[in-house]
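The residues making up each chain are set out below.
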Amino acid sequence: MWDLANGKLLRTINDAHPPGTAILHVKFTDDPTLAVCNDSGGSVFELAFRRVMGMRSCDSRCLFSGSKGEVCCIEPLHAPPDFRDHPITHYSLLAMASLTKILVIGLKPSLKVWMTFPYSKSDPSSVPQLAWQFVPVQKTVNPILAFCKGDTVHFLLVKKEETGTIHVIKQRQLHLSCDIISLSWINSRTLVLVDSHEKLQVVDRPSQEVLETLDLEQVQLVYNSRHFKSLATGGNVSQALALVGEKACYQSVSSYAGQIVYLGTKSAHIMALRNWRERIDCLLKQEHFVEALSLAWSFHEGTAKAVVGLFGDPVKRKAVVSDKMVEIIFQFADHALKKCPEQGKIQVMEQHFHDVVPVLVDYCLLLQRPDMLFNQLYARLVENTVAKGVFLESLESYIVADRLGHLTTPIMRDLLAHYHGNGMMDSLERCIVHLDVTSLDIQQVVRVCWENQLYDAMIYVFNSGMNDYITPMEKLFAVIGPPLREGRSLTDEEVVMGNKLLVYISCCLAGRAYPLGDIPEDLVVQVKNQVFEFLIRLHSANWSEEEEVFPFIRTLLHFDTREFLNVLAMTFEDFKNDKQALEYQQRIVDILLQVMVDNPDFTPSQVGGLFTFLARQLAKPDNTLFVNRKLFDQVLEFLCCPDDDSRHTERQQVLLELLQVGGVVQFNEERLLALAEKAKFYQICEFLYEKKHLYDRIIDCYLRDPLRRGEIFSYIHNLLSMPGYSPEEKKAVKDKVRGHMQELVTFDPTKSADLVVFHFSEEVQQIISEFQDDQLLFKFLSCLLEPREGHHPGTLLLQEHDLHELLLDLMSRFAPQQLLSFLQTSQHYRLEEAIQITQKYHHNEATAYLLEQKGDIQGAFDVLLETLKEKLSVLTTEADRGDEEERDGESTLTTVKDSLDGIIALCHQSSQNLYQQQREVLWFPLLETMMASQKLVKGLNAKHTFEVLKELTMKVLNCMSSFISLPAIIQRILQDPVYGKGKLAEIQGLILGMLDTFNYEQTLLETTTSLLNHDLHWSLAHLRAAVTRGLHPRQDYCNICLQQYKRRQDSAEEIIVFSCGHLYHFQCLQQKDCGWGFASELQQRWNCYKCSSSKGGRSAPSTEQKRGRTTSLAQTCVSSVHHDAGAEADRKKVFAEATLDLQQEQSWDQLRCLYRGPSRLSVLSELSHSHSSEKTGLLISAQAGSENFQLKLSPPPLLEE
C-alpha cells in the first residue's frame, strides 16, 4: 500500500487472501479505511485498515467464497462529490459478478445480501462487466447498476425505501450485436462499450442508439489473461475462469469524471466526449455544413444525444445555439459562393445552389430570422444570378405552407420579375394568394395576373388589397359573356374562367374568401348584398342596344344552369330572418322566371331544372317565395310537347324530378297522365299508376318502354313476392302477366320460365294451351324444364310426364340434335310414349337409346344397324361417283364412324350379360354388314373408302374377339365371299394378327409367372432368415430372479431366450405363470415377462395373438447340462425344441398377408383361365371396354445352361 503524494510504502499485507491465488481486483470503497479484493480462486475479501499507536494493520474478512461460485468482477458504489450525502451511501454497496449470476451486497452497517440476479444464456467465454452511475429518474437521483455478460446490457435501479430496505428495480435492456469486453459510464445518459473486436461504441441509453463507433486497434489494449490464469502461482484456476480470462481487460480501462483511460502496450489513451461547440466545429472543419446545422438545431431543440457543455435552461441554451447557427449560415453561404463552379453547364451551377440555398432559407425561418434572410443573406446571394434565382424559387414552398407571409418590397419585385420571366405563372399565383397584400405593388400584380390568366391571384389582390369584390366579377363576365350571347362554344380557358366565376360567387354569398380563408366578419353582409345587387343589374356598365336585360344572370344560366341554381340553393339555405336577403331571393326568382320561361334559347332540361329548383324551395316549411302556379302548368305543356321528339329521355327525367319533389307542385293527374301517355313518358305513367295502386297498368308501361323492358321480370317478381300488396292487386298483376305471356316469352324465354316456376306453377297447363306458336312453346318449355337448384313451388309440377313428353315431341321437330342429351338427363318421361315419339320422327339413335333403357337390346341393335346400313349405302354411292364430292365423302365417313362407334358400344356393354349364342346374334350381323359394304366399293375411284372400311371391319373384329371365340370368327370370315374365295394373301393380315396376339399373351403369362415366383421366393427367404436367426441375450442373468443363468452347479436347468433379448430360467417363468397354450411341458408357449409387464401386466392368451414385442418370433429353450466333478468344465447347450410354435405361425400368416397383393395369384389364375377360354382378342391395338391394359414386354432371352 503506497502513499502517492510522496511515494512512501505504507504497509505490506501478507495474509489478505489464501496463498497460491492471484489478485484480480483491489478497490477502495467511499470509506478510505475499507477496501475489497478478489482473487483467482473466485473469493472476495474485505480489507479493513487501522492505525493504532503509529502501527498500521489490516484485517481481512471473506465476503464470498469461491467454492460457491467464482467471482471475477467486483464494483463498489462510489458517490460523486455532489451526492456524498445520498442516503444510499451509508450502506457501502458492492456489486459482484460471478460466472453465473450477480450479487449486490451491503457492507454496512452489517453485511447483507440485497439482491441476486442470474444471467440469461450466454457464451462461456464472455466477460462479466459491472458499472455504477448516479442517474436522475423522475425528479430523484438514484444509482443504476449496468451489467452484462455477452451482448445484452441489463440495468438495475437501486433505491432506498422509507422503511430502510434497499429496493432493486429492473429497467429496460439494451441489445447489441457484439460480445462486450468493457462497459463504462461516461455520463448519466451515455455508455461507452468495447467489443471483442476492439471496436469502441458510444451508446445513448434512453434511445438505445449507437452514436459513434471507433476502432481501438492502434491502442493495442492490454489484456489481464496472465492474472486470470494465475500463471505466476502455478495456474491453479478453473477452466471456466481461464476461458473468461482470454478476453478480460478490467485493469486496462478506468473511468472518472467523464473521461475513460485505456491502457495500451506502449501508451495510455484518454477518451472523453467533445462539448457541443467542438462537435460542431469538427463538422465545419470537414466542410459538412448541412450536418453541422442539423446537429446545432438538435442542440437548439434539446433533442441531441450525449450533449456536454450546454445550459440546462432552455432560453439560455437556445440563445447560445442560435448565435452559433447564424455564424454557420453565413459561413455556409460564403463557402457556397466561393466553391461555385465557374465553368460548365448551367445545370451544374443550379444543382450546386439547390443543395445549399433551400437549407439556408429553412434554418433562417426555423430561427425566426426573416430579417437576416432578406437583408444580409439575400445581399450576399444576389451577386450570383443563379444563386438569386434558386433563392427566389425556394421561397415558394415556405410561402405556400404559410411559414413566410411577408416579403420586403425589393424581394417581392424580384420574385415577380423572376417567376414572370421564367414562365412560372402557376407558382407565382400560388405564392400571391398566400402573401400579405401590403408587400405587393397592386397595380403591377393585377396587370401581370390579368395578362397571364392568374384569376385566383387577381381576385385575391382585389379582395384583400382593396376590399373590392365586384370588379373581378365584371372582368370575368366581360370575357365569357360575349361568346355565350353569340351562341359560340367556349374555349377550355373560358370554361375554366366560368367555373372560377361560379365558385367565386358561391364563396362570396357564403362568407368565404376566395380562393382560401374567410371574409372578415364585418364585411360578410356587405359583400353578400353587393353581389346580389350586381347579379340583378338590368344592364352591364358598357351596355349596348343589342344587350338583353339581366345580362349577368342570363350569362350564368347559359354557362351552367344546374350549377348556378345549386349555388343559389346553397345560398338560400342561410336566409332565415334577414329581410333584405329574402327580398333579393324573391327578386332573383322573378328574374329567373322572366328570363327562362318561353325562351327558346333554353333546353327542356334547363327549364325543368329551374322548376325543380323552385319546387324544392316552395316545399320548405319556412318558405316565403311566391311563384304563380300557372307557370308550372305551362312548364308541363312544354315538357310533354309531343311534336318535339328530341331530348325525350332528358325531358322525361326532368318532369319525373319535378313530380318527386311533391309539396306544392300539384298537377291535374288525369291531364298529366294523358299528356305523359301521348308523349310516351312511361316512367311518369308508372309514377302516377303507383300512386293509384294500379300495378297491372305499370306492366303495360314496362312492355311499351324499349329502354326498360328488361326490368319487367324483376318488377313482377318483387311485386308478387314482397308483402305490402293486397291479394286483389296481386291477382290483377297475375292476370295481366298471363295475358302478355307470349310477348314476355318472345322477349326472354329464360326469365319468363323462372317467373312461371315461382309464381304460376299451378297454371302451367293453361299457359301452355294458350301458345299459338309451337317454336315459341318449345323455347319456353326448354327453359321451364331445366333443372334448378333448391326447392321452389313448381318443383313437383314440373316433374309431370305430359310436359316432358310434349317437350320431347317439340324437340324432335325443332332441335333433334339435343334429343339424346335430353333423354339422358331427364327422368320424367314414360319409355313407351317416348319411343313412339322418336319412331314417329325417325330419330333412330334416340329410339335405340330408349329401347336399350327398356331392356330390348336386340331392338336397339336392329335400329342402330339399320341406321348404319343407310349411311354405308350413302357412302358406297358417293364412292362410285369418284373425287367430285370428296368433302361430302369425308363428312359421310365421319358419320359412319360415329354410327359404328355407337353400335359397338351397345354390343360391348350388352355382351357382358349375354350367353355365347346371344352375343353371336349381335356381333355377326354387324360384321357381315361391314364386310358386305366392302364388296360394293371395290374400284379405282374408291381406294381410300375401301381402306377405311377395311380398317373399321378390323376394329369390329378386334372388339368382338373379347366376347366371341376365335374359331367361330375364323369360320365366319372364311365363309364370307370376300375372304373365302381367293388367295392366302387376302387373309394374311388377319392370321398374322392372331399370331401376334398369341405371342403377346404367351410372353405376358410367362413374365407374370416369373414375377410372382420371384416375389414368393423373396418372401420365403426373408421369413426363413427371420425364423432361423440366432438369438443374442442382452444380459447373462435371468430377468426375474436376477441371478446368472448358471446359478446352481449341481443341476441341469433349462433357460428360455426371447427375440427381444431377455433371458429367463424355465422355473422362474413357470412361477410367474407366463406360459399358455398346450398342457404338455414341451409344447407350452411362453411370453416375455418383462415386455408384457411393461405393457400393462400379464396378458391373457387372447391378447397374445396381437402383434407386439411381448411374444418372441422364435423362442429357444436351451438346456444347460452340468456334469459332476471331473466332468467337462464348460457347459454344453442343447436345443430342446426347434419346431414352429403358435406365435411363429401367426407371424408367418401376417407376413403372407403383407405380401399378398390384391390380385397376384388371382391374376395368374385368371390369365391361365382366359388363355384357355374363348375371351381372347385378335389384335392388340385396341380392346374396347378394357381397362387400357397395354403392357408390352419383349420375350425374355433364351439362356442355355
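Residues numbered from 1 in each chain as written. Predicted model: local features only at pLDDT ≥ 70, side-chain atom pairs only at ≥ 80, totals over all residues. Heavy atoms only, no water.

## Remarks on the sheet that holds strand E19 (residues 209-215)
Spatially, the 4 strands line up as an open sheet ordered E16-E17-E18-E19, and their pairing is antiparallel. Looking at the sheet topology across the chains shown, the edges are occupied by strand E16 (180-187) and E19. Strand after strand, the sheet turns through a mean of 20 degrees between neighbouring axes, direction not considered. Sheet analysis places E16 next to strand E17 (residues 190-195), joined by 6 bridges and oriented antiparallel. (Pairing = 2+ DSSP bridges. Helix = DSSP H or I, 4+ residues; strand = E, 2+ residues; numbered from the N terminus. Axes fitted to C-alpha atoms, helices over the stretch in contact; angles between N-to-C directions.)

## Some remarks on the packing of aromatic side chains
On inspection of all chains with the given rule, the structure shows 23 aromatic pairs. Considering the side-chain rings of Phe155 and Trp185, the 6.0 Å spacing of their centres and the 65 degrees angle between planes classify their relative orientation as edge-to-face. Linking Phe155 in strand E13 (residues 152-160) with Trp185 in strand E16, this pair joins segments that are 30 residues apart in sequence. Judged by its relative accessible area of 1%, Phe155 falls in the buried class. Judged by relative accessible area, which is 6%, Trp185 ranks as buried. Summarising the aromatic geometry, the rings of Phe477 and Phe552 are spaced 4.9 Å apart at their centres and angled 50 degrees between planes, so their arrangement reads as tilted. In this pair, Phe477 sits in helix H14 (residues 471-486) while Phe552 sits in helix H17 (residues 551-573), placing the two residues 75 residues apart along the sequence. Taken together, the aromatic side chains of Phe477, Phe534 and Phe552 make up a single cluster linked through ring pairs. (Phe/Tyr/Trp six-rings, centres within 6.5 Å; stacked < 30°, edge-to-face > 60°. Buried < 20%, exposed > 50% of the residue type's maximum accessible area, 1.4 Å probe, protein only.)

## Thoughts on the sheet that holds strand E20 (residues 253-256)
Across the sheet, which stays open at both edges, the 3 strands sit in the order E20-E21-E22 with antiparallel pairing between neighbours. Pairing within the sheet leaves two strands with one partner each, and these edge strands are E20 and strand E22 (268-272). Between one strand and the next, the sheet's axes are offset by a mean angle of 20 degrees, whatever the strand orientation. The pairing of E20 with strand E21 (residues 259-263) spans 4 bridges and is antiparallel.

## Observations concerning the pattern of salt bridges
In total, this model carries 35 salt bridges according to the counting rule given. Salt-bridge contacts for Glu246 lead to Lys229; the nearest nitrogen and oxygen are separated by 2.5 Å. Pair noted here: Glu246 is in the loop between helix H2 (239-245) and E20 and Lys229 is in helix H1 (residues 225-229), with a separation of 17 residues, a long-range link. A salt bridge links Arg537 to Glu474; the shortest N-O distance between them is 3.2 Å. In this pair, Arg537 sits in the loop between helix H16 (524-535) and H17 while Glu474 sits in helix H14, placing the two residues 63 residues apart along the sequence. For Arg537, a relative accessible area of 30% corresponds to the partly exposed category. (Salt bridge = Lys/Arg side-chain N within 4 Å of Asp/Glu carboxyl O.)

## Here's the deal with the packing of helix H30 (residues 774-784) against helix H31 (residues 801-814)
Running from N to C, H30 and H31 cross one another at 125 degrees; their axes reach a closest spacing of 9 Å. Classified by the interaxial angle, the pair formed by H30 and H31 is oblique. For the pair H30 and H31, the crossing hand works out as left-handed. Of H31, the residues touching H30 (which contributes Asp774, Gln775, Leu777, Phe778, Leu781 and Ser782) are Leu803, Leu806, Leu807, Leu810, Met811, Arg813 and Phe814. Here the residues of the contact of H30 with H31 are counted per class, giving 9 nonpolar, 2 polar and 2 charged. (Parallel < 35°, antiparallel > 145°, perpendicular 65-115°, else oblique. Left-handed = near helix turned anticlockwise from the far one by under 90°. Contact = heavy atoms within 4.5 Å. Nonpolar A, V, L, I, M, F, W, Y, C, P; charged D, E, K, R; others polar.)

## A word on the nonpolar core
Phe391, Phe611 and Leu926 are the most contacted members of the largest nonpolar core, which totals 245 residues. Once you skip the residues sitting within four places of it in the chain, Leu926 turns out to touch Phe861, Leu865, Leu868, Leu900, Ile903, Ile904, Cys907 and Val956. Ile102, Ile181, Ile186 and Val194 belong to the second largest nonpolar core, which has 45 residues in total. (Core = buried A, V, L, I, M, F, W, Y, C linked by side-chain atoms within 4.5 Å.)

## Brief notes about the environment of Leu176
The topology assignment puts Leu176 in the loop between strand E15 (174-175) and E16. By relative accessible area, which is 10% here, Leu176 ends up buried. Leu176 sits 32 residues away from Gln208 along the chain, and the two C-alpha atoms are 9.3 Å apart. Aside from chain neighbours lying at most four places away, what touches Leu176 is Asp151, Leu193, Gln201 and Val210.

## Here we look at helix H37 (residues 916-936)
Over its 21 residues, H37 extends 31 Å from the first C-alpha to the last, a length consistent with the 30 Å expected when each residue adds 1.5 Å. Burial in H37 covers these residues: Arg919, Leu922, Trp923, Phe924, Leu926, Leu927, Thr929, Met930, Met931, Ser933 and Gln934. (Expected span 1.5 Å × (residues − 1).)

## Topic: the side chain of Asp456
Relative to the assigned elements, Asp456 resides in helix H13 (residues 455-466). You can call Asp456 buried: its relative accessible area is 14%. Sequence-distant contacts of Asp456, defined by excluding residues within four places in its chain, comprise Glu429, Val433, Lys500, Tyr514 and Pro515.

## What about the environment of Ser540?
Here Ser540 shows up in the loop between H16 and H17. Ser540 gets classed as buried once you look at its relative accessible area, which sits at 16%. For the pair formed by Ser540 and Glu474, sequence separation is 66 residues and the distance between their alpha carbons is 8.5 Å. Those residues in contact with Ser540 that lie beyond four places of it in its chain are Glu547, Pro551 and Phe552.

## Structural notes on the environment of Pro80
Considering the arrangement of structural elements, one finds Pro80 in the loop between strand E7 (71-76) and strand E8 (93-98). Separated by 177 residues in sequence, Pro80 and Ala257 have C-alpha atoms that sit 8.6 Å apart.

## Section: a nonpolar patch on the surface
Nonpolar side chains collect at one region of the surface, where Trp2, Leu4 and Leu9 lie side by side and expose about 420 Å² of accessible area between them. Note on placement: Leu9 falls in strand E2 (residues 8-9). (Patch = residues over 30% accessible without salt bridge, like charges linked within 9 Å, V, L, I, M, F, W, Y side chains within 5 Å. Areas by Shrake-Rupley, 256 points an atom, 1.4 Å probe, with all protein chains shown as cover.)

## Here we look at the pairing of strand E9 (residues 101-106)
A large share of E9 lies buried, amounting to 5 of its 6 residues. Taken together, the 5 bridges between E8 and E9 define a ladder with antiparallel strand orientation. Bridging across to E9, Met96 finds its partner in Leu103. Here E8 hands over to E9 after 2 residues, the two strands then running antiparallel side by side.

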